[in-house]
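Understanding the architecture of this molecule
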Amino acid sequence: MKPFIAYIIIGIVGIAILIRCLPKGVKKRKKFEIFAEIGIGLFISVIVLGLTSFNNFVLKRAGITYLQYISIVFFINGIVLTISSFVSLKRIGKPISGLEDTTKMIHKGIFKILRHPLYLGLSLFTIGFLFAYQAIVLIIIGIVTVILFYTASRVEDSYNIKKFGSEYIEYMKKVPMWDFFSGMFRNMKMRY
């Protein structure tokens, strides 16, 4: 892909995110949605810039082969978490619009192990691209992206406490936000 086309795509993504993040009439965006959408925009930017051939220092790739192999592990885990999140949100959460606006708390599936598997999955996917592309600017953008997804998780916790009350507070005590191994261990411990 040529740099000019990459800049156009990134510009279009940026404009779309700005339009989505602006308040729509009386209904305002939830704070966690804004963090998540900016994170998704940066995530798309990492992909587009990574597919672009630049001949300058900041986008020059290191080309360390073993890191490219490690990226596959992050891609697979990111895809599994993201897809299982979408499935659980749609089937169990009974959303009234989109996927995020669920009407029920989800205690099953991947949400039995993690509170925010979608954001973790997108973060792992981003890290996979960073290991695959290995360029300075992409690493910086990727780190900011992961920070935005983490922030969206924290802010969404506050939103869910207001929405679901004490039930969500109890859920937070039992299920970790992003620590997959702790979530698996606790889930296995509760079975026995």
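Here, the structure is the one placed above.
What you see is a predicted model, and the numbers here were worked out from it, not measured in a lab. (Residues numbered from 1 in each chain as written. Predicted model: local features only at pLDDT ≥ 70, side-chain atom pairs only at ≥ 80, totals over all residues. Heavy atoms only, no water.)

Further remarks concern helix α2 (residues 31-50). For α2, spanning 20 residues, the distance from its first C-alpha to its last is 29 Å, which sits close to the expected 28 Å at 1.5 Å a residue. Regarding α2, the residues found buried are Phe32, Glu33, Ala36, Glu37, Gly39, Gly41, Phe43, Ser45, Val46, Val48, Leu49 and Gly50. (Helix = DSSP H or I, 4+ residues; strand = E, 2+ residues; numbered from the N terminus. Expected span 1.5 Å × (residues − 1). Buried < 20%, exposed > 50% of the residue type's maximum accessible area, 1.4 Å probe, protein only.)

The next thing to look at is the nonpolar core. Counting residues in hydrophobic clusters, the biggest one holds 24 residues, and the most contacted among them are Leu81, Phe111, Tyr119, Leu120, Tyr171 and Trp178. Taken together, the elements giving at least two residues each to this core come down to α2, α3 (65-91), α4 (117-133), α5 (136-164) and α6 (166-174). The element that contributes the greatest number of residues to this core is α4, accounting for five residues. The contacts of Phe111, once residues within four sequence positions are left out, are Ser85, Ser88, Leu89, Ile106, Pro117, Tyr171 and Val175. Counting residues in each nonpolar core, the second largest holds 11 residues, with Phe43, Leu49, Ala132 and Ala135 among its members. (Core = buried A, V, L, I, M, F, W, Y, C linked by side-chain atoms within 4.5 Å. Contact = heavy atoms within 4.5 Å.)

Another point: empty space enclosed by the protein. All told, the structure shown has one cavity of 30 Å³ or more when counted by the stated rule. Size it by volume and the largest cavity reaches roughly 240 Å³. Lining the largest cavity we find 18 residues, and of these Leu89, Phe111, Arg115, Glu156 and Asn160 sit closest to its centre. Among the elements of the structure, α4, α5 and α6 are those that each provide at least two residues to the lining of the largest cavity. Among the elements that line the lining of the largest cavity, the one with the most residues is α5, at four residues. Per-class residue counts for the lining of the largest cavity are 10 nonpolar, three polar and five charged. (1 Å grid on protein atoms, 1.4 Å probe; cavity = no way out; pocket = protein on both sides within 12 Å on 5 of 7 lines; lining within 4 Å. Points joined across faces, edges and corners; volume = space filled by probe spheres on them. Nonpolar A, V, L, I, M, F, W, Y, C, P; charged D, E, K, R; others polar.)

To continue, consider a nonpolar patch on the surface. There is a patch of nonpolar side chains on the surface, built from Ile64, Tyr66, Tyr69, Ile70, Ile72, Ile76 and Val80 and spanning about 700 Å² of accessible area. Relative to the assigned elements, Val80 resides in helix α3. (Patch = residues over 30% accessible without salt bridge, like charges linked within 9 Å, V, L, I, M, F, W, Y side chains within 5 Å. Areas by Shrake-Rupley, 256 points an atom, 1.4 Å probe, with all protein chains shown as cover. Salt bridge = Lys/Arg side-chain N within 4 Å of Asp/Glu carboxyl O.)

Positive phi values are uncommon outside glycine, yet Gln134 reaches one of about 55°. Tracing the chain through its elements places Gln134 in the loop between α4 and α5. Judged by its relative accessible area of 7%, Gln134 falls in the buried class.

Our next topic: the side chain of Thr82. As for its placement among the helices and strands, Thr82 is situated in helix α3. Here Gly78 takes part through its backbone oxygen, which lies 2.7 Å from a polar atom of the side chain of Thr82. Contact partners of Thr82, with chain neighbours within four places excluded, come to Leu118, Gly121 and Leu122. (Polar contact = N/O pair within 3.5 Å; in protein donor to acceptor, adjacent residues only side chain to side chain.)

A few words on the packing of aromatic side chains. In this structure the tally under the stated criterion is 12 aromatic pairs. With a centroid separation of 6.0 Å and an interplanar angle of 70°, the aromatic rings of Phe43 and Phe129 are classed as edge-to-face. Within this pair, whereas Phe43 is found in helix α2, its partner Phe129 is found in helix α4, the two being separated by 86 residues in sequence. Considered together, Phe43 and Phe129 belong to a single accessibility category, that of buried residues. Consider the rings of Phe75 and Phe125, whose centres lie 5.4 Å apart with planes at 65°: the pair is edge-to-face. Of the two residues, Phe75 is situated in helix α3 and Phe125 in helix α4; the sequence distance between them amounts to 50 residues. Residue classification places Phe75 among the buried positions, given a relative accessible area of 17%. Taken together, the ring pairs connect Phe43, Phe75, Phe125, Phe129 and Tyr133 into an aromatic cluster. (Phe/Tyr/Trp six-rings, centres within 6.5 Å; stacked < 30°, edge-to-face > 60°.)

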